[in-house]
Amino acid sequence: MRRILGVATAAAVLFASATANAQAVDEKKFNVVGTWNFLTNWKVLEVPFWEKELPTASGGKLSGNIKSITELNLKGTEVLRLLKTGVYDFAAALPIYVDDGGAIVEAVDISGVAGTFKMSRDIIDAWMPEMQKVMRERHGAMVLGTFTWPEQNFYCKGDIKGVEDLKGKKVRVQGASQADLVKGFGGSAVTLPFGEVVPALEKGVVDCGITGTMPAYKAKWHEVTNTLFRLPVGFTASVWVVNLRTWDKLSPATKELLQKEFAKLSDKSWKTVEEETEEGVACTTGTGKCTQGAPGKLKLVKPSAADLKARDKVLNDVVLPGWAARCGAECAKKWTDTIGKKYGLTAAAK
């Protein structure tokens, strides 16, 4: 009987604690800007989190009025400015969206560095203190979670057999390090927002574009290109950030709950996107099962040993020195000591 009473007492204490904690959570509907509304991240991760998972975890107290950059007609580079001014409380931000302090944030996804999803996540986790510093000091924000996109590859018009065929090509890139990689291959880099790539390919403004495997399919790149040159160049590791003024007004219990739920969202995001990378290849090339719709017929070209060697040479000779020059000697040394040494890489401006 004494044991039963003890268990009952413990259960009552836990229930009371949980109830008190739930009562301490603020009642708040946040304004949120997410990513593109036709991609997996939005449909499978972002909308369910803000409209179902967070409300459930908070007993209906927390939710988000989430808008995609597609419906807001944003290019993406405006996101952090809108967050800083208080238009939005939370935002999904890609490294390429960051202007002020951009080279520091770019460090998590330097083209050609990460070879696996695990490596990409390890890098962003290792560099998080620097990311947080930039977000706090320059954008009035704080990182709460991370997410990623499928493996980034080359989608080209015409026949591409390897790195040598990229010479002279105009290639759409997302940011500076991708531009350096393309230039290292002898191509010309063209920076374009994701939503403008298909018409640019149709009109011949660019010959190729770099993006993730499933986003390429969802955006119908396979309808305006002929070849998928599967040379991995990165994963576009990204972050969820919160406006610091919003954050500072929240109760401790609310902050604790949000941190816990964003940790879950981060894990789910990395797992989901890694799983869809191979299907993205299948969907654009017709070389495997595609559950997303009718598959494309792109020619799938896998990189040779010589192509991979060429990518690594450009990484060391062009990309890393270029990034080091943008970030500065102190920043580059910190990256080399924190990340580079683990993978046998050195970032130093020439």
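Parameters at a glance
Residues numbered from 1 in each chain as written. Predicted model: local features only at pLDDT ≥ 70, side-chain atom pairs only at ≥ 80, totals over all residues. Heavy atoms only, no water. Pairing = 2+ DSSP bridges. Helix = DSSP H or I, 4+ residues; strand = E, 2+ residues; numbered from the N terminus. Axes fitted to C-alpha atoms, helices over the stretch in contact; angles between N-to-C directions. Contact = heavy atoms within 4.5 Å. pLDDT = per-residue confidence, 0-100. Right-handed = clockwise from strand over helix to strand, strands pointing away. Buried < 20%, exposed > 50% of the residue type's maximum accessible area, 1.4 Å probe, protein only. Salt bridge = Lys/Arg side-chain N within 4 Å of Asp/Glu carboxyl O.

(A) Seen up close, the sheet that holds strand β10 (residues 238-243). Taken in spatial order, the five strands of this open sheet run β2-β1-β3-β10-β4, and their pairing is mixed. Strand pairing shows two members of the sheet lacking a second neighbour, β2 (62-67) and β4 (141-147), which therefore form its edges. Sheet twist, expressed as the mean angle between neighbouring strand axes with direction ignored, is 25°. Alignment of strand β1 (residues 28-33) against β2, held across six bridges, turns out to be parallel. By the bridge assignment for β2, Lys29 is matched with Ser63. This element, helix α6 (residues 128-139), spans β4 and β10 of the sheet and lies at about 140° to β4.

(B) Structural view of the environment of Gly140. With respect to the helices and strands, the residue Gly140 is situated in the loop between α6 and β4. For the pair formed by Gly140 and Arg245, sequence separation is 105 residues and the distance between their alpha carbons is 7.7 Å. If we skip the residues at most four places from it in the chain, Gly140 touches Met135, Val242, Asn243 and Leu244.

(C) The arrangement of the confidence of the model for the protein in detail. For the protein, mean pLDDT is 93; residues scoring 70 or higher make up 93% of the total. Overall, residues 1-20 carries pLDDT values under 50, and its contacts beyond four positions in sequence, including any with other chains, amount to zero contacts.

(D) View of the pairing of strand β6 (residues 170-173). Of the strand pairs in this sheet, β6 and strand β7 (residues 188-191) are connected by four bridges, and their pairing is parallel. Bridged to Val173 within β7 is Thr191. Assessed by its sense of winding, the connection that carries the chain from β6 through helix α7 (residues 176-184) to β7 is right-handed. Direction of pairing for β6 relative to strand β8 (residues 208-212): parallel, over a ladder of two bridges. Of the residues in β8, the one forming a bridge with Val171 is Cys208.

(E) Highlighting the sheet that holds β6. Within the open sheet, the six strands sit side by side as β7-β6-β8-β5-β9-β11. Their pairing is mixed. Lying at the two open borders of the sheet, with one neighbouring strand each, are β7 and β11 (299-301). Each neighbouring strand pair of the sheet contributes to a mean axis angle of 30°, computed without reference to strand direction. Across the sheet, helix α11 (residues 252-285) touches β5 (152-156), β9 (227-229) and β11, and the angle it forms with β9 is around 155°.

(F) Spotlight on the side chain of Thr246. Secondary-structure assignment places Thr246 in helix α10 (residues 244-248). Accessibility expressed as a relative area gives 10% for Thr246, which makes it buried. Here Thr246 is in contact with Phe30 and Asp89, once residues within four sequence places are set aside.

(G) Molecular detail of the pattern of salt bridges. Tallying each qualifying case throughout the model produces 18 salt bridges. One salt bridge in this structure joins Glu130 and Lys334, with 3.4 Å as the shortest N-O distance. With Glu130 in helix α6 and Lys334 in helix α13 (residues 329-343), this residue pair connects regions lying 204 residues apart in the sequence. The residue Glu275 makes a salt bridge to Lys271 at a minimum N-O spacing of 2.7 Å. Here the residue Glu275 and the residue Lys271 both occupy positions in helix α11, the gap between them amounting to four residues, near one helical turn. By sharing partners, the salt bridges in this structure join Glu106, Asp180 and Arg326 into a single network.

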